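Residues per chain are reported as follows:
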Amino acid sequence: MATQTELYAVPAQQDDDAAGQAAFDAVIADDSRIEPRDWMPEGYRKTLVRQVSQHAHSEIIGMQPEANWITRAPSLKRKAILLAKVQDEAGHGLYLYSAAETLGTPREKMTEDLIAGKARYSSIFNYPTRSWADMGAIGWLVDGAAICNQVPLCRASYGPYGRAMVRICKEESFHQRQGFEILLELANGTEAQKQMAQDAINRWYAPALMMFGPPDDDSPNSRQSMAWNIKRFSNDELRQRFVGMIYEQVKVLGLTLPDDQIRFNEETGKWEHGPLDWNEFKEVLAGRGPCNSQRLARRREAHENGAWVREAAAAYAAKQARKTEVA
Ligand code: FAQ
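This is a predicted model, so every value here is computed, not measured.

> Tell me what's going on with the site of the ligand, and back it up with residues and numbers.
As a matter of local geometry, the ligand sits amid 36 residues, with Gln54, Ser123, Ser219, Lys231 and Asn235 nearest to it. Contact distances for the ligand include 2.7 Å between an oxygen atom and a side-chain N or O atom of Ser219. Between Asn235 and the ligand, the recorded distance is 2.8 Å, taken from a side-chain N or O atom to an oxygen atom. In isolation the ligand has 1,100 Å² of accessible area, and contact with the protein removes 90% of it. Every element with two or more residues in the shell around the ligand is listed here: helix 3 (42–61), helix 5 (76–101), helix 7 (133–150), helix 8 (159–187) and helix 12 (278–288). Element by element, the count of residues in the shell around the ligand is highest for helix 3, at six residues. For the shell around the ligand, the per-class residue count stands at 13 nonpolar, 14 polar and nine charged.

Below, the structure is given as C-alpha cells:
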C-alpha cells in the first residue's frame, strides 16, 4: 500500500527549469490555474503550504472556542445548530489539509508542527468565549471576516486551494447568518441580554479586524502572494471592506461598534477605522495571548486520544489492500 508520502510525492523538478518557469508565468499572466503536477517555483509551493496549512490549523483550533458552549447552549435547537457548525469547521480543516497535501507535505508533518507549537493558526482563536452571546459575535464577526478574506481566495491560482475555498465560503456564509441571528434575538430580548450582546461585540471587534493580518507596510508576504494571484487584495483593503460591511449591519441589531472613528473617506473611497493595538497582535502571535497555551494543550490531548482511531484506520486500510491484492 502506498504511504501518504508516496501518494503525495510531487514530480521531481529543478528550480532553475526555464521552460517550467515560462509555462508557470504564462498561466499566472493568463489568470489561469496551477495544478498539483504542474511545474511551480519552490517559493510558490512553500508559500501555499504555509498559508493553506495555517488556514487548516485555524479551522481545527477554531472548533475549541465554540465547542466550549455546546453543552451550555440555551436550547436543543441552538445546541444542534452549534454542533453542526463546529463539525463544519472540522470538515473545512480536512479539505484544506487535503489541498496542502497535494503540494507534497503529508498531513502528519503539518499536525506535528501544530502540536509542537511550530505552526501558526489564526490569532482570533486565542481569545476566550465568556458568554452565549460570544457564539453570536463569533458567527457574525469572525465568520464574517473569514468570508470577506476567503471569497477572493476562491480565485486563488492554485487549483485545489481555490476549489476548497468555494465550498468553505458557502458554509461560512450560513455560519455568519446564524451568528447574526443569535445577536438579533439577544438584542431584542431583555436589557441584560442586549447588554450581553453588546459586551460580546465590544470584545470581538478588534481581534476580528486583526484576523486580516498586519497592516500592509508590515506584511512581508503580501506583495509576492498577490503577484502569484494567491492573494487578490491586501490585508488593509480587505479589513477596510469588512469595516464598511459591519458598520451598516450593526445598525440592524440596534447595537454599536466600539470604535467612534469609523468613517467612509469620500476622497480615497475607502472605509477607515480607529487604531488597533498591534502589540497585542504580536503578543498573541508570539504565543502569549489569553488562551494560546490552553488551545495547544487541548489539541495535543485530542491528538493523543485519537491515536487508536488512526491505528485502527491504518490496520483496516492495510487489510483492505491485502484483500485487493489476493482478488
Ligand atoms: N493570525 O505577511 P502577512 C476562520 C502571520 S479561518 C496569525 O500579511 P500573509 C474560520 C502570517 O502567517 C481563519 N498569524 O501574511 C472559522 C505571517 O507569518 P509567517 C483563518 C497571522 O500570509 C470561523 C505573518 O503574520 N483564515 O476564521 C495573522 O500574506 C469560526 C506576516 O503576515 C485564513 O487562514 C493572523 N490573523 O497574510 C473557524 C485565511 N495574520 O507565516 C472556526 C487564509 C498574519 O510568515 C470558527 N490566509 N499572520 O510566519 C490568509 O489570507 C493570509 O494567510 C493572512 C495573512 C491574511 C491571514
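> Describe helix 7, naming the residues involved and giving the relevant values.
Taking 1.5 Å per residue as the helical rise, helix 7 with its 18 residues ought to reach 26 Å, and the 24 Å between its terminal C-alpha atoms agrees with that figure. Approximately 25° is the largest bend angle found in helix 7, and it occurs at Gly139. The buried count for helix 7 comes to 17 of 18 residues, which makes it a mostly enclosed element.

> Lay out unusual backbone geometry with the relevant residues and their values.
Here the phi dihedral of Asp31 falls at roughly 55°; this positive angle occurs in a residue that is not glycine. Mapping Asp31 onto the fold places it in the loop between helix 2 (18–29) and helix 3. What makes Asp31 partly exposed here is its relative accessible area of 41%. Here the phi dihedral of Asn229 falls at roughly 60°; this positive angle occurs in a residue that is not glycine. You can see Asn229 is positioned in the loop between helix 10 (222–227) and helix 11 (235–253). Classification of Asn229 as buried rests on a relative accessible area of 13%.

> Describe the packing of helix 7 against helix 9 (residues 191–210), and please don't skip the residues or the numbers.
Interhelical geometry of helix 7 versus helix 9 gives an angle of 30° and a closest axis separation of 9 Å. Between helix 7 and helix 9, the interaxial angle falls into the category roughly parallel. Where helix 7 crosses over helix 9, the handedness of that crossing is right-handed. Every residue of helix 9 that contacts helix 7 at Ala133, Asp134, Ala137, Ile138, Trp140, Leu141, Val142 and Ala145 is listed here: Met196, Ala197, Ala200, Ile201, Arg203, Trp204, Tyr205 and Ala208. Tallied by class, the residues present in the contact of helix 7 with helix 9 amount to 14 nonpolar, no polar and two charged.

> Describe in detail the side chain of Asp134, supporting the description with residues and values.
Turning to its location among the elements, Asp134 is positioned in helix 7. With near-sequence residues (within four places) excluded, Asp134 lies in contact with Pro128, Thr129, Ala200, Arg203 and Trp204.

> Just give me the short version of helix 13 (residues 292–305), but keep the residues and values in it.
With 14 residues, helix 13 should cover 20 Å at 1.5 Å per step; its first-to-last C-alpha distance of 20 Å lies within 8% of that length. Within the sequence span of helix 13, burial applies to Asn292, Arg295, Leu296 and Arg299. With its buried residues spanning 95° around the axis, helix 13 presents them on a single face. Structural note: helix 13 exposes Ser293 and Glu304 on the side pointing more than 90 degrees away from its buried face.

> Which residues make up the environment of Asp277, and what are the values?
Here Asp277 is to be found in the loop between strand 2 (270–272) and helix 12. Taking the relative accessible area as the measure of exposure, Asp277 reaches 41% and is therefore partly exposed. Remark: the alpha-carbon pair of Asp277 and Gly287, spanning 10 residues in sequence, is separated by 16 Å. Only 3.1 Å separates the side chain of Asp277 from the backbone nitrogen of Asn279, close enough to count as a polar contact.

> How would you sum up the packing of helix 3 against helix 8? Please name residues and give values.
Interhelical geometry of helix 3 versus helix 8 gives an angle of 25° and a closest axis separation of 13 Å. By the angle between their axes, helix 3 is roughly parallel relative to helix 8. Of the two elements, helix 3 crosses helix 8, and the hand of that crossing is left-handed. Taking contact as the criterion, the partners of Leu48, Gln51, Val52, His55 and Glu59 in helix 3 are, on helix 8, Tyr161, Met165, Ile168 and Glu172. Here the residues of the contact of helix 3 with helix 8 are counted per class, giving five nonpolar, two polar and two charged.

> Requested: an account of the packing of aromatic side chains, with residues and values cited.
One pass over the structure, following the stated rule, counts nine aromatic pairs. Look at Tyr127 and Trp204: their rings are 6.4 Å apart centre to centre, the planes differ by 65°, and that puts the pair in the edge-to-face class. Here the residue Tyr127 occupies a position in the loop between helix 6 (107–115) and helix 7, and Trp204 occupies one in helix 9, the gap between them amounting to 77 residues. Note on accessibility: Tyr127 and Trp204 belong to one class, buried. Between Trp278 and Phe281 the ring centres are 5.2 Å apart and the planes differ by 85°, which places this aromatic pair in the edge-to-face class. With Trp278 and Phe281 both in helix 12, this residue pair falls three residues apart, about one helical turn. Across the pair, Phe281 and Trp278 agree in class, each one buried. In this structure an aromatic cluster arises from ring pairing among Phe24, Trp39, Tyr44 and Trp228.

Quick notes on the rules
- Residues numbered from 1 in each chain as written.
- Predicted model: local features only at pLDDT ≥ 70, side-chain atom pairs only at ≥ 80, totals over all residues.
- Heavy atoms only, no water.
- Near = heavy atom within 4 Å.
- Polar contact = N/O pair within 3.5 Å; in protein donor to acceptor, adjacent residues only side chain to side chain.
- Areas by Shrake-Rupley, 256 points an atom, 1.4 Å probe, with all protein chains shown as cover.
- Helix = DSSP H or I, 4+ residues; strand = E, 2+ residues; numbered from the N terminus.
- Nonpolar A, V, L, I, M, F, W, Y, C, P; charged D, E, K, R; others polar.
- Expected span 1.5 Å × (residues − 1).
- Bend = angle between axes of the 7 residues up to and from the residue.
- Buried < 20%, exposed > 50% of the residue type's maximum accessible area, 1.4 Å probe, protein only.
- Axes fitted to C-alpha atoms, helices over the stretch in contact; angles between N-to-C directions.
- Parallel < 35°, antiparallel > 145°, perpendicular 65-115°, else oblique.
- Left-handed = near helix turned anticlockwise from the far one by under 90°.
- Contact = heavy atoms within 4.5 Å.
- Arc of directions from axis to C-beta.
- Phe/Tyr/Trp six-rings, centres within 6.5 Å; stacked < 30°, edge-to-face > 60°.

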